[in-house]
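# Fold and contact review
Below are the chains, spelled out letter by letter.
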Amino acid sequence: MFVELPKFEKQLEELEQLDELWMYFLKNAPSLDRVPLKMANKRKRIQGKTTSF
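Rules and cut-offs
Residues numbered from 1 in each chain as written. Predicted model: local features only at pLDDT ≥ 70, side-chain atom pairs only at ≥ 80, totals over all residues. Heavy atoms only, no water. Helix = DSSP H or I, 4+ residues; strand = E, 2+ residues; numbered from the N terminus. Contact = heavy atoms within 4.5 Å. Core = buried A, V, L, I, M, F, W, Y, C linked by side-chain atoms within 4.5 Å. Buried < 20%, exposed > 50% of the residue type's maximum accessible area, 1.4 Å probe, protein only. Salt bridge = Lys/Arg side-chain N within 4 Å of Asp/Glu carboxyl O. Phe/Tyr/Trp six-rings, centres within 6.5 Å; stacked < 30°, edge-to-face > 60°. Polar contact = N/O pair within 3.5 Å; in protein donor to acceptor, adjacent residues only side chain to side chain.

If you tally the helices and strands in the protein chain, you get two helices and two strands. Ordered by position from the N terminus, the helices and strands of the protein chain form the series α-α-β-β. For the protein chain, long-range pairs separated by at least 24 residues make up 24% of all intrachain contacts whose partners lie at least 6 apart in sequence.

Structure (structure tokens):
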């Protein structure tokens, strides 16, 4: 997947997919004081393993 972060303009309230959360985080990490709750509690099962954001 190729992403142009400057063109990613979704706001935190609009994020639904795990990849969107990562794009938001990578773009906004320098200005964040902490990981937003919506992202901190996100989990996904990949090949039988649970991963956290």
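This part takes up the nonpolar core. Within soluble globular proteins, side chains that are nonpolar tend to cluster in buried spots. Membership of the largest hydrophobic core is limited to seven residues, which are F8, L15, L18, L21, M23, Y24 and M39. For this core, the element with the highest residue contribution is helix α1 (residues 18-28), accounting for four residues. Once residues lying within four places of it in the same chain are set aside, the contact partners of Y24 are F8, K10, Q11, L12, L15, L32 and M39.

Under the counting rule described, the total for this entry stands at two salt bridges. The salt bridge partner of E4 is K7, with a shortest N-O separation of 3.4 Å. Judged by its relative accessible area of 41%, E4 falls in the partly exposed class. Of the charged contacts, one joins E20 and K10 as a salt bridge, the two residues approaching to 2.4 Å between their closest N and O atoms. Taken together, the residues span a long stretch of sequence, with E20 in helix α1 and K10 in the segment before α1 at a distance of 10 residues.

Taken as a whole and judged by the stated rule, the model has one aromatic pair. Judged by centre distance (6.3 Å) and plane angle (90°), the ring pair of W22 and F25 falls under edge-to-face. Of the two residues, W22 and F25 both sit in helix α1, three residues apart, roughly one turn of that helix.

What follows covers the side chain of E20. By relative accessible area, E20 is classed as buried at 12%. Of note is the side chain of E20, whose polar atom sits 2.8 Å from the backbone nitrogen of E16. Residues within four places of E20 in sequence aside, it is in contact with F8, K10, E14 and L15.

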